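Summary of the model geometry
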Amino acid sequence: MRKIVSAAALILITMAVSCNLDSSQGIYQKAFYDTPKDDITIQSVLGRIGSELIIYGNGDLYRYDGNQMHLVADITKYNMEGGYMPFMAADSHVYFSYIDDNDTDDNDDDYFRFFRATLSEIENGLDSSFPGSHEVTASFSNSGSSEKIVKFNGLFNYDMTKTQVLFTVASDNADASKPDELITRYGFINKADVRGSAFTINGGAEVHAASSIIGDGILRAYVDDPDYELNGQTWTETNLLYTTNIDGTKAVEHKSSDDNNSIDYSDMVFGSDGTYCITLGGELFSVSNLDDPVDQDFIAEQYYRSNNLMLTYGKNGGGYIGYIYEEGIYVRDSGEAPVLVDINDDNDFITSCWIGRNGSKYLMATQETGFWVIELAGTDYADSSVMRFDPERDGNLSEYL
Amino acid sequence: MKKTLKIIAALLLLPASLFAADAYYDTGSQIFNITAGATVPFFYSNPSNTNEPITMWPGDGDGNMHRTAGGVGAISYQVFVHPYIALGAELAFQFDFTRADIVQTNVPIFVKATAVPVQGRFEVPISIGAGLLYMSYDGASKLSFGCQFEAGIRYFITDAWGIGLNYGFYFFPEIYAGEPEKSSTMSYMPITLTVSYRH
């Protein structure tokens, strides 16, 4: 009888071993945190590791090798539980930000920290105790050291080489509940040493508290609701545009919407060749001087239809800019008129998107239809092709047109 | 006060009075059930998630369990060890879909005890069960333990064949002894129809 019981127990223990289970989470946790995989939505392009783009989309980390999208890990669980948010990929690591609450309910002793992990470490489960976890320090060109970061308003890795950050600071002796003592600043996150184990924020240009980063060195402050509460203050309607020095040390405030004939900055895009584009009345306009009022003469000069203008990609030092319109994708060489890439059926593209460039290939993501690659070819782009990542084929590209 | 105590005593003795009715079953009687129906995600307890340690009900929103309503099918065989109590086993297959549109399945293999205080043509079975649970999702699987509670009504159209309606709770803890951060508990409410054959 004892042998039978022992044998049954052994069988039970053997069977109880989990099979093919992600070592970092249980079955029900995996099911709870899982997100749709069929149409991948890019949340941000984090940068490069080696020759591969590292992409955060649908709560997952992906690496794009130029031909195929590979799932690295689902990190939704860590985002929901630990607040881990990837914001940069470089030096063989992905960098995550999170709030260290010091195991207390007191927000005053919270610290914003970063840590980094290799792709293989991420596959085995994220842990902020990885080597490289480090508190953020900030250095501002025009302020002393008596300021403390109390909030990160946003991280944005616009061109895959530098991470822009919006954050709120308070002076050391200020009560965080006093809005007058809070200042929103804009700067860049830099690795403080060659190993990337320390971080500093350089720049620190003072900007409006309702700002958001909409391009490389360009911010928009917009409050639609006059009763909008932010940092303890009630903000009245505003519509400001900032451009900043390249080192983030100074923000230039441009004219408000009222001054500029009701320009809606919400659809503003930025060309790295120094051209700004603004939508107005459903049209797209190119603007060289943001302080010039928009008038009918300007409108007649250069405009394109813009029913669904989306985020664009600008090549450093001039070059291509891709525009997504109702009728397709435009590509423009620096200083040249835009050329429509010959796409007959682009209805699937009419959602917000991001375009990244890898050689002649433009990587794009939509909110509804996943990843796409547009490969430009031919002098007038007539030989261009469009391919879609096919989730049923493990991320392989399939010809679309 | 005395009247109140009498009412409470009567309520407590009610089940006993039901058992006092003539028993339909004999010790050794057998009953076979085929069950199918829907499962509603009830709650999910995940202590590792400090933001949402408990989520409830189907749906993808905040506070929901990130899964759909699902289905369950089961077969059970029981033998009456007492005119009012049957013991046996049940094999079930339960499934639903996560917000990733991937099916998650649970296969309980439970020892099941059923009390039938009201029996005959119209019956009220009340069951508890416990045993092994095999759960799987997206290529991963684990063997754990689970338990259930179920109550229902059933009506025998003929002397041998009957149909019933059941309602209950599944409790599926997923336990990792050395890694408590991976442990969590899922609960469902099955609402099922049963075809019964007794002999």
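Residues numbered from 1 in each chain as written. Chains lettered and ligands numbered in written order. Predicted model: local features only at pLDDT ≥ 70, side-chain atom pairs only at ≥ 80, totals over all residues. Heavy atoms only, no water.

Thoughts on the overall build of chain B
Tallying secondary structure elements over chain B gives one helix and nine strands in all. By residue count, 44% of the 199 residues in chain B fall in the buried class. At a minimum sequence separation of 6, the contacts of chain B that also span at least 24 residues come to 57%. Summed over all atoms, the accessible surface of chain B reaches about 9,700 Å², with 73% contributed by carbon and sulfur. (Helix = DSSP H or I, 4+ residues; strand = E, 2+ residues; numbered from the N terminus. Buried < 20%, exposed > 50% of the residue type's maximum accessible area, 1.4 Å probe, protein only. Contact = heavy atoms within 4.5 Å. Areas by Shrake-Rupley, 256 points an atom, 1.4 Å probe, with all protein chains shown as cover.)

Quick look at the pairing of strand β5 (residues 85–90) of chain A
All names here are of chain A. Among the six residues that make up β5, five are buried, leaving the element largely enclosed by the rest of the structure. Examined bridge by bridge, β5 and strand β6 (residues 93–100) share five bridges and lie antiparallel to one another. Across the sheet, the residue bridging to Ala-90 is His-93, located in β6. The hairpin formed by β5 and β6 contains two residues between the paired strands, and Asp-91 there has a positive phi angle of roughly 50°. (Pairing = 2+ DSSP bridges.)

Some details on the interface of chain B and chain A
Each partner contributes to the interface: chain B provides 39 residues, whereas chain A provides 26 residues. Interface of chain B and chain A: buried area, both sides summed, is about 2,500 Å²; carbon and sulfur atoms make up 55% of it. Looking at the side of chain B facing chain A, the largest losses of area belong to Arg-99, Leu-143 and Lys-182 of chain B, adding up to 22% of the total buried there. Our count for the chain B to chain A interface comes out at one salt bridge. Applying the counting criterion to the chain B and chain A interface returns 11 residue pairs in polar contact (both at pLDDT 80 or more). Among the secondary structure elements, those contributing two or more residues to the side of chain B that touches chain A are β5 (103–118), β6 (122–137), β7 (140–156), β8 (161–174) and β9 (184–198) of chain B. The class makeup of the residues in the side of chain B that touches chain A is 14 nonpolar, 16 polar and nine charged. (Buried area = accessible area lost by both parts, 1.4 Å probe. Salt bridge = Lys/Arg side-chain N within 4 Å of Asp/Glu carboxyl O. Polar contact = N/O pair within 3.5 Å; in protein donor to acceptor, adjacent residues only side chain to side chain. Nonpolar A, V, L, I, M, F, W, Y, C, P; charged D, E, K, R; others polar.)

Examining the side chain of Thr-39 of chain B
Residue and element names in this part refer to chain B. Its place among the elements puts Thr-39 in strand β1 (residues 30–45). Accessibility expressed as a relative area gives 0% for Thr-39, which makes it buried. In this structure the side chain of Thr-39 is engaged in a polar contact, spanning 3.0 Å, whose partner is the side chain of Gln-94. Not counting residues within four places of it along the chain, the set of residues in contact with Thr-39 comprises Ala-69, Gly-70, Gly-71, Val-72, Gln-94, Phe-95, Tyr-188, Met-189 and Pro-190.

Section: unusual backbone geometry
Residue and element names in this part refer to chain B. Look at Trp-57: it is not a glycine, yet its phi comes out positive at around 65°. Looking at where Trp-57 falls in the secondary structure, it is placed in the loop between β2 (54–56) and β3 (70–82). According to the relative accessible area criterion, Trp-57 is partly exposed, its value standing at 38%. Of note, His-66 is a non-glycine position whose phi angle comes to about 60°, a positive value. Looking at the element boundaries, His-66 is found in the loop between β2 and β3.

Topic: the confidence of the model for chain B
Here chain B averages 88 in pLDDT, and 89% of its residues register 70 or above. Among the prediction metrics, the complex's ipTM stands at 0.88, with pTM recorded as 0.57. (pLDDT = per-residue confidence, 0-100.)

Details of the nonpolar core
By size, the foremost hydrophobic cluster in this structure holds 23 residues, and its most contacted members are Ile-27 and Tyr-28 of chain A together with Tyr-44, Tyr-137, Tyr-170, Phe-172 and Met-186 of chain B. Other than its neighbours up to four places away in sequence, Tyr-137 of chain B contacts Ile-27, Lys-30, Ala-31 and Asp-34 of chain A together with Thr-98, Ala-100, Ile-102, Val-103 and Gln-104 of chain B. Grouped together as the second largest cluster of nonpolar side chains are 19 residues, Leu-46, Leu-61, Ala-73 and Ala-89 of chain A included. (Core = buried A, V, L, I, M, F, W, Y, C linked by side-chain atoms within 4.5 Å.)

Considerations on the packing of aromatic side chains
Following the criterion strictly, the structure yields 22 aromatic pairs over all chains and no others. Between Tyr-186 of chain A and Phe-188 of chain A, the aromatic rings sit 5.5 Å apart at their centres with planes inclined by 70°, giving edge-to-face as the arrangement. The two residues Tyr-186 of chain A and Phe-188 of chain A agree in class, both being buried. Measuring from ring centre to ring centre gives 6.3 Å for Phe-169 of chain B and Phe-171 of chain B, while their planes differ by 20°; the resulting arrangement is stacked. On the accessibility criterion, Phe-171 of chain B (28% relative accessible area) is partly exposed. An aromatic cluster of at least three residues, connected via ring pairs, comprises Phe-42, Phe-43, Trp-57, Tyr-167, Phe-169 and Phe-171 of chain B. The aromatic ring of Tyr-24 of chain B is capped on one face by Arg-198 of chain B, whose charged end is 3.8 Å from the ring centroid. For the cation-ring pair, Arg-198 of chain B lies above Phe-156 of chain B, with the distance from its terminal atom to the ring centre recorded as 3.5 Å. (Phe/Tyr/Trp six-rings, centres within 6.5 Å; stacked < 30°, edge-to-face > 60°. Lys NZ or Arg CZ within 6 Å of the ring centre and 35° of its normal.)

Examining the environment of Ile-31 of chain B
Residues and elements named next belong to chain B. One can find Ile-31 in strand β1. Assessed through its relative accessible area of 1%, Ile-31 is described here as buried. Separated by 46 residues in sequence, Ile-31 and Tyr-77 place their C-alpha atoms 6.0 Å apart. The contact partners of Ile-31, leaving out residues within four places of it in the chain, are Tyr-25, Ser-76, Tyr-77, Gln-78, Phe-80, Arg-154, Phe-156, Ser-196, Tyr-197 and Arg-198.

A word on the pattern of salt bridges
Residue and element names in this part refer to chain B. Per the counting criterion, the structure on display carries seven salt bridges over all chains. With its nearest N and O atoms 2.9 Å apart, the salt bridge here joins Arg-67 to Asp-96. Within this pair, whereas Arg-67 is found in the loop between β2 and β3, its partner Asp-96 is found in strand β4 (residues 85–97), the two being separated by 29 residues in sequence. The pair Arg-67 / Asp-96 is uniform in exposure class, with both members buried. A salt bridge links Arg-198 to Glu-123, with the nearest nitrogen and oxygen atoms 2.9 Å apart. In this pair, Arg-198 sits in strand β9 while Glu-123 sits in strand β6, placing the two residues 75 residues apart along the sequence. You'll find Arg-198 and Glu-123 in the same group, each marked buried.

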